[in-house]
Each structure stands twice: as C-alpha cells, then as structure tokens.
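# Structural features, examined
So you can see what is in the structure, the chains are spelled out below.
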Amino acid sequence: MTHWGNLSINEKGHLILGGCDAIDLAARFGTPLYVMEEDTIRGVCRGYVRAINGYPGGGKALFAGKAFLITAMCKIIESEGLGLDVVSGGELYVAMNAGFDLKNVYLHGNNKTPEDLRMAVKAGIGRIVIDSANEIGLLAGIAKELGRIQDVSVRIKPGIEAHTHEYIKTGQVDSKFGFGIGDGQGMRAVRDILAQPSLSLIGLHCHIGSQIFELQPFRDAVDVMLNYMLKVEQETGFVFSEINFGGGYGIHYTAEDAPLRPDEYVKTMLDELTALCNKKGVTPPFFVIEPGRSIVGEAGTTLYTVGDIKTIPDIRTYVSVDGSMADNPRPALYQAVYTCALAGKMDAPEETVVSIAGRTCESGDMLIWNAKLPETQAGDVLAVFSTGAYNYSMASNYNKLPHPAVVLVKDGRAELMVKRQSYDDLIKNDVIPSWL
Ligand SMILES: *Cc1c(COP(=O)(O)O)cnc(C)c1O
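Along each chain, residue indices are assigned from 1 in the same order as the chain's sequence is written. Where local features are concerned, this predicted model is filtered to residues with pLDDT of at least 70; where side-chain atom pairs are given and counted, the filter is 80 or more; whole-chain, interface and lining totals use all residues. Hydrogen atoms and water are omitted, and side-chain values are computed over all heavy atoms in the structure.

## A short note on the pattern of salt bridges
A carboxyl oxygen of Asp or Glu within 4 Å of a side-chain nitrogen of Lys or Arg is what we treat as a salt bridge. Counted under the stated rule, the structure contains 16 salt bridges. With a closest N to O distance of 2.7 Å, glutamate 80 and arginine 46 form a salt bridge. Of this pair, glutamate 80 sits in the loop between α3 (71-79) and β6 (83-86) while arginine 46 sits in helix α2 (residues 38-52), and the two are 34 residues apart along the sequence. Exposure categories follow from relative accessible area, calculated using a 1.4 Å probe and restricted to protein chains: below 20% of the type maximum is buried, above 50% is exposed, and the middle band is partly exposed. We classify arginine 46 as partly exposed; its relative accessible area is 43%. When salt bridges that share partners are traced, they join Glu38, Arg42, Arg46 and Glu80 into one network. Strands are runs of DSSP state E lasting at least two residues, helices are runs of H or I lasting at least four, and both sets are numbered from the N terminus onward.

Here it is as structure tokens:
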C-alpha cells in the first residue's frame, strides 16, 4: 500500500486513527465501522475560513451536507463557522433537529418537491437556489401563501467542462441542473424572479462538478460568473450581491491523486475574482463556496473484518470482507478507486496482490481491485481510507445489511455518532396488507 500522507502507527504495528488503535476500535464497536477523525474535518474547515478571511467582499463556506450529513456533523461544522447546503426535506430535517441556524442553510435540488419548498420557507431557510422555470412560480406561490419574502439564488450552467467522471460533472450545458446562459434561459429566469414580490433575488450559483484537481476550471468559473453578473446588470439593471461557486475540490483516494490543499483552490478563485472586480470597477460580491467531499472525505476510514479468501490459481485472489457496496457504493457506481491496508499489520511487507470483494450478491460488488497487502488471513482488520464522503450518505440496506455504526475519534477518545442499525431497524417500516 502506498498512502499519500503520514499514517500513524503504534509500537504494535497497528494503525492509529484520531489517537485510537484501529484494532481496538474494531473490537469495541464491531465492523464494518466508519471512523471519522474530528481534527481532520476541523482542519479543512479552518483552511476554508482562513482563505476567505481578508477577501474584501466577505464570504462564507457551506458544507455540502449530501457528502455526510448527520446530527453530530452539524455541530462540528457550525462550531467552525460554516453554513450548510441541503438538497431535500430530509436533509433539512437533520439540520433543524440539530438546532442549526437556518439562516445559514441553503436548499438545492433540480426537482424540489412542493413539500420541500414549503418546509424550507416555513423554517426560515437562508436561501433557496432556484433550478428551473417551474420552480419560480411554485416557490413564489408558497412564499406568498405563508406571508414570507424568500431570499433566493439562481443556478446557472457556466458551460465549463471539468475533467472528472461523467456522472459527477455538472457544469456543462447538457446537464439536468440549472439554467443555460447562452440560450437566454438564465436571463429569463432572472426577470421572472424579479417580477415575483414574494421572492428576493440575492445570488448567482454554479457548481461545476466534483473531485476536480485542476485550478483552471475554478478560475474559468470565476470569469464566467462575474461576466454573467455584469451582463445581467446591463440587461436588467439588477446586481447580484452574492456569487456561489459550489464545491468540487478533489481529494486523495490513492497516492496517484494530486489535489492541492483545499484552501489553495479558494485562494486562487479569490485572487481571480478580486483582480477581475478591480479591472471592471465593480464591488466584489459576497463569495460562497460549498465544499462537501474535501471536508469529510479524507477524515473517514472504514474498518472491515476479513472473511473468506478464495484463490483462483494463476488468476486472482479474492479477499472478502464483512462490508460491501451497501456501505460503499462508489466503486460499483463510478469505478471509484480506494487504498487499503491491514490495520494490525502496518509494519509487515506487502507481499501479495489481492482484490477486495464485498459480501453482497453482485459480481460487481468489488471494493478494490489489485490491492497490495501483507499476507492476509481471515480475521484481519482491513482499513479502507478516504471513505468519509459519499459512503455513509449513499449507504443502502441491500441484502438487508444494516448500516454500520459511525464513530468520531479525537485525541485517543472514540464515541458513537450513529449507532449501528439493528435487524429490527430493517423491518420497522414493514406492514402486512390486510388480505395476507
Ligand atoms: C455536490 C454538490 C456540492 C459539493 O460537491 P463536492 O464535490 O462534494 O465538494 C456543492 N454544491 C452543489 C450544488 C452540489 O450539488
């Protein structure tokens, strides 16, 4: 295994996470287990806050909740001064239940339901990011009925092609998200929103994709958005006071990945924005970003217990673990690649190449192909790194596998943030029709 950072290893040759021995964590909480390192999460949050401080227009980082939204996470990010992005009534409910300041919550989505919109307006959510023509009238009607004036942003497609997987690209013209700018749909949306007395237009929004390593697409986004802001002013007289650039900053999944530090992306964007504003003589708009993956991704490690090992002579060795695509669907969904190690044999030479199989009834349920590991035996604890984003939040109960527990670790302490699902949890919503 080649890891990209400095892993902590104790005198027993065990992996240390947040000051805790990973083998002890596995024994105490069971496997599969999601482990989240609090200091890593807070460190990234602070990097973003620091990078934005000092920008003359002011700004804010929002955590894109869809990456990993649970009640305890709301507490961590709020204490770091970040806001929150939600994309459904369910995510909004988590934030409300956590007592999160709803003024700092933004609602996204390409097909928000009338119920989502009503819940958000009623709750006094900070922004609703309008994504379609139909939503303008729908939201305006709901806000009017509730006697509110709702602050909104409008999402546009900046037409930027970021080099990332097809399914996590979002800024291109052929996308289900947002309004086009070349085709006049964005401008029409702006006029329609301005014509609604129950909506107050504040911001312009885009999100160009996810797991992006290059700086150029982010610089391009700054140029496109600022120029569009000026175009809207020219054509309608309206001036956006806030530009939201979404998330998308890449992280390490393997040693080959080469992301910059999260705050370096932000600094580059702010330098570009400041320079452009100076050049055009405009007041710098309030700057918003919505990182998700980069805040929690590298903070997470999943611990599994190795079960059956099957060697097919001259072909491959399958090492099966007690987890699967149910706790990490990303490899099956978009060929995501991960790095792993044996948590109890961190000092042992990596002499074998094996493939890590999940336990569900799908041949495609492979967590890692061709991983280099020490001699592996049943009962070993396998650690898969960088599982903090889009693992727990995308988990399913396929094959009726309960969701693993989630543990927070810091300074040698470990406590649950989410309990492991029980078998009772798996059937608690089952009901039997009367004729059976
Ligand atoms: C997914 C998403 C994000 C976060 O993306 P990451 O790649 O996880 O940083 C931010 N904003 C919007 C609108 C999104 O859909």
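## Some details on the site of the ligand
Nearness of a residue to a molecule or strand requires only that one of the residue's heavy atoms be within 4 Å of it. For the ligand, the set of nearby residues contains 15 residues, the closest of which are Lys66, Ser210, Glu290, Arg293 and Tyr390. Reported accessibility uses the Shrake-Rupley method at a 1.4 Å probe radius. Residues are deemed covered only where the shown protein chains occlude them. A total of 390 Å² of accessible area belongs to the ligand in isolation, and the protein chains cover 94% of it. Residues are grouped as follows: Ala, Val, Leu, Ile, Met, Phe, Trp, Tyr, Cys and Pro are nonpolar; Asp, Glu, Lys and Arg are charged; every other residue, Gly included, is polar. Taken together, the residues that form the shell around the ligand break down as three nonpolar, seven polar and five charged.

## Focus on the packing of aromatic side chains
Pairs were defined over the aromatic rings of Phe, Tyr and Trp, the Trp ring being its six-membered one, requiring ring centres within 6.5 Å. Orientation was assigned from the angle between planes: stacked under 30 degrees, edge-to-face over 60, tilted for the rest. Per the stated rule, a full pass over the model turns up ten aromatic pairs. Judged by centre distance (5.5 Å) and plane angle (40°), the rings of phenylalanine 245 and phenylalanine 287 are tilted. Residue phenylalanine 245 is found in the loop between β12 (242-244) and α9 (262-280), and its partner phenylalanine 287 is found in strand β13 (residues 286-289); the two are separated by 42 residues along the sequence. There is no split in this pair, since phenylalanine 245 and phenylalanine 287 are both buried. Put simply, the rings of Tyr48, Phe218, Tyr249 and Tyr265 touch in pairs and so form one group of aromatic residues.

## A word on the packing of helix α8 (residues 216-236) against α9
Interaxial angles span 0 to 180 degrees and are taken between N-to-C directions of axes, which are lines fitted to C-alpha atoms, for helices over the stretch in contact. Here α8 crosses α9 at 35°, and the two axes come no closer than 9 Å. Between α8 and α9 lies a crossing whose hand is right-handed. Contacts between α8 and α9 involve Phe218, Arg219, Val222, Asp223, Leu226, Asn227 and Leu230 from the former and Tyr265, Thr268, Met269, Glu272, Leu273, Leu276, Cys277 and Lys280 from the latter. Grouping the amino acids of the contact of α8 with α9 by side-chain chemistry returns nine nonpolar, two polar and four charged. If you view the pair so one helix is near and one far, a crossing is left-handed when the near helix is turned anticlockwise from the far one by less than a right angle, and right-handed when it is turned clockwise. Only heavy atoms enter the contact rule, under which two residues are in contact if any of them lie within 4.5 Å.

## Description of the environment of alanine 51
With respect to the helices and strands, the residue alanine 51 is situated in helix α2. For the pair alanine 51 and glutamate 264, spaced 213 residues apart in sequence, the C-alpha to C-alpha distance is 7.8 Å. Residues in contact with alanine 51, not counting those within four places in the same chain, are Asp263, Val266 and Leu270.

## Brief notes about the nonpolar core
As used in this record, nonpolar core signifies buried Ala, Val, Leu, Ile, Met, Phe, Trp, Tyr and Cys residues forming a set joined through side-chain atoms within 4.5 Å. In this structure, Phe63, Phe68, Leu84, Phe245, Phe287, Ile295 and Val296 are the most contacted members of the largest nonpolar core, which totals 91 residues. Sorting elements by how many residues they give to this core places α8 first, with nine residues. Apart from residues lying up to four places away in sequence, phenylalanine 245 is in contact with Cys206, His207, Ala221, Val222, Met225, Met269, Leu273, Phe287, Val288 and Ile289. Grouped together as the second largest cluster of nonpolar side chains are 20 residues, Leu25, Phe29, Leu33 and Val407 included.

## Things to note about the sheet that holds strand β1 (residues 8-9)
Across a sheet, strands are paired by hydrogen bonds formed along the backbone, either parallel or antiparallel in direction. Strands are labelled as partners when DSSP assigns at least two bridges between them. If you trace the three strands from one edge of the open sheet to the other, you get β1-β2-β3, paired in antiparallel fashion. Looking at the sheet topology across the chains shown, the edges are occupied by β1 and β3 (20-21).

## Re the side chain of histidine 403
Note that histidine 403 resides in the loop between β19 (381-385) and β20 (405-410). The buried category is assigned to histidine 403, whose relative accessible area is 15%. Residues contacting histidine 403, with those up to four places away along its chain left out, are Ala395, Ser396, Asn397, Arg420 and Gln421.

## Some remarks on the environment of proline 374
Its place among the elements puts proline 374 in the loop between β18 (366-373) and β19. For proline 374, a relative accessible area of 4% corresponds to the buried category. As for proline 374 and lysine 112, which are separated by 262 residues in sequence, their C-alpha atoms are 48 Å apart. Residue contacts for proline 374: discarding those within four places in its chain leaves Leu342, Lys345, Ala348, Pro349, Glu350, Glu351 and Thr352.

## What about unusual backbone geometry?
A cis amide bond links threonine 31 to the next residue, proline 32, at an omega of -10°. In this fold, proline 32 is placed in the loop between α1 (22-29) and β4 (33-37). One non-glycine residue, glutamine 211, lies in the positive phi region at around 55°. Positive phi is not limited to glycine here, since asparagine 370 has a value of about 50°.

## Side note on a nonpolar patch on the surface
Excluding any residue in a salt bridge, patches collect residues exceeding 30% relative accessible area, merging like charges within 9 Å and nonpolar Val, Leu, Ile, Met, Phe, Trp and Tyr side chains within 5 Å. A cluster of nonpolar side chains, namely Ile432, Trp435 and Leu436, defines an oily patch on the protein surface of about 490 Å² accessible area. Within the fold, isoleucine 432 resides in the segment after α12 (423-427).

## Things to note about the pairing of strand β14 (residues 300-312)
Moving residue by residue along a regular strand, the side chains alternate between the two faces of the sheet. Across four bridges, β4 lies against β14 in antiparallel orientation. When the bridges of β14 are listed, leucine 33 appears paired with leucine 303. When β14 meets β19, the two strands line up antiparallel, connected through five bridges. Looking across to β19, one finds that threonine 302 is bridged to valine 384. Both β14 and strand β15 (residues 316-321) contribute to a ladder of five bridges, which runs antiparallel.

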